[in-house]
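Structural features, examined
This is what each chain is made of:
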Amino acid sequence: MRELRYARSRSRAFTLIELVIIMTILGVIMSVALPAYENAKHKARMAQCKADIVMISQRLEKYRAFNYAYPDALSTLGAVDPDPWGNDYQYLNLDNYTDKGKLEKDKGKGGGGKPPKAPKPRKDKNLKPLNTDFDLFSMGPDGDYKENLSAKVSRDDCIRANDGTFIGLADDY
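A brief structural summary. (Residues numbered from 1 in each chain as written. Predicted model: local features only at pLDDT ≥ 70, side-chain atom pairs only at ≥ 80, totals over all residues. Heavy atoms only, no water.)

1. Some points on the environment of Asn87
Along the chain, the position of Asn87 falls in the loop between helix H2 (16-67) and strand S1 (90-93). On the basis of relative accessibility, which here comes to 21%, the residue Asn87 falls in the partly exposed class. Along the backbone, Asn87 and Ser138 are 51 residues apart, and their C-alpha atoms lie at a distance of 7.5 Å. Filtering out sequence-adjacent residues up to four positions away, Asn87 remains in contact with Pro82, Met139, Gly140 and Gly143. (Helix = DSSP H or I, 4+ residues; strand = E, 2+ residues; numbered from the N terminus. Buried < 20%, exposed > 50% of the residue type's maximum accessible area, 1.4 Å probe, protein only. Contact = heavy atoms within 4.5 Å.)

Encoded structure:
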């Protein structure tokens, strides 16, 4: 009777080898599932960013229809939610720029003081401007960007290009 009770209690417990096998299986499952989850999360954020840029672009076009010009800042439109990574969307009205990429109001200024550094229009890999009306983009997960899309920090940006015919990842443009 005692042996039977010992056999029952022993069969209910896990051995060390069984626990190691279970932990190994769980580790393999996690090593496959975690990257897939991160990839799905990135795609969802990028889809949200694209949708936001389309919506903000529509608001800018509506503003232009009523005011005959684009606003100088996104804040003119009212509240604009941050991008999916928590950064503000970047906007630049290109009507204020000359062909050489200088602000129209700074053109012809002389004197000893330097004008304040203003953001410049974004450019593609061939150094041609992305848009002719306005630049609108998210700085992406790293929260940084450069004027040129071929810069490493700009490749993860969610951009609007070709006056709105392309909205997506800068690396895909």
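2. A word on unusual backbone geometry
A positive phi angle is found at Asn162, which is not glycine, with a value near 55°. With respect to the helices, strands and loops of the structure, Asn162 is situated in the loop between strand S3 (158-161) and strand S4 (166-169). The backbone of Asp163 shows a phi angle near 55°, a positive value even though the residue is not glycine. Summarising the element assignment, Asp163 is placed in the loop between S3 and S4. Overall, Asp163 belongs to the partly exposed group, its relative accessible area being 35%.

3. Section: the nonpolar core
Membership of the largest hydrophobic core comes to 15 residues, with the highest contact counts inside it found for Ile56, Leu60, Leu74, Tyr89, Tyr91 and Leu136. Elements with a contribution of two residues or more to this core: H2 and strand S2 (134-138). Among the elements that take part in this core, H2 stands out by supplying five residues, more than any other. When neighbours within four sequence positions are excluded, Leu74 is seen to be in contact with Ile56, Leu60, Val80, Tyr89, Tyr91 and Leu136. (Core = buried A, V, L, I, M, F, W, Y, C linked by side-chain atoms within 4.5 Å.)

4. Examining the packing of aromatic side chains
Taken as a whole and assessed by the stated rule, the structure comprises four aromatic pairs. Ring geometry for Tyr91 and Phe134: centres 5.9 Å apart, planes at 50°, overall tilted. Linking Tyr91 in strand S1 with Phe134 in strand S2, this pair joins segments that are 43 residues apart in sequence. Judged by relative accessible area, Tyr91 falls into the buried class, the value being 13%. By relative accessible area, Phe134 is classed as buried at 0%. A ring pair is formed by Phe166 and Tyr173, whose centres lie 5.1 Å apart and whose planes are at 50°; its orientation type is tilted. A residue is classified by how much of its surface remains accessible, and Tyr173, at 26% relative accessible area, is partly exposed. An aromatic cluster is present here, built from Tyr70, Tyr91 and Phe134 joined pairwise through their rings. One Lys or Arg, Arg122, reaches over the ring of Phe137 and ends 4.2 Å from the middle of that ring. In this arrangement the basic side chain of Arg160 is found over the ring face of Phe134, its NZ or CZ atom lying 3.8 Å from the centre. (Phe/Tyr/Trp six-rings, centres within 6.5 Å; stacked < 30°, edge-to-face > 60°. Lys NZ or Arg CZ within 6 Å of the ring centre and 35° of its normal.)

5. Regarding the state of the cysteines
All told, the structure shown has zero disulfides when counted by the stated rule. Left without a disulfide partner, Cys49 is nearest to the cysteine sulfur of Cys158, which lies 3.0 Å away. Residue class for Cys49 comes out buried when judged on its relative accessible area of 0%. By relative accessible area, which is 0% here, Cys158 ends up buried. (Disulfide = S-S within 2.5 Å.)

Interpretation in functional terms is not warranted from these geometric data alone.
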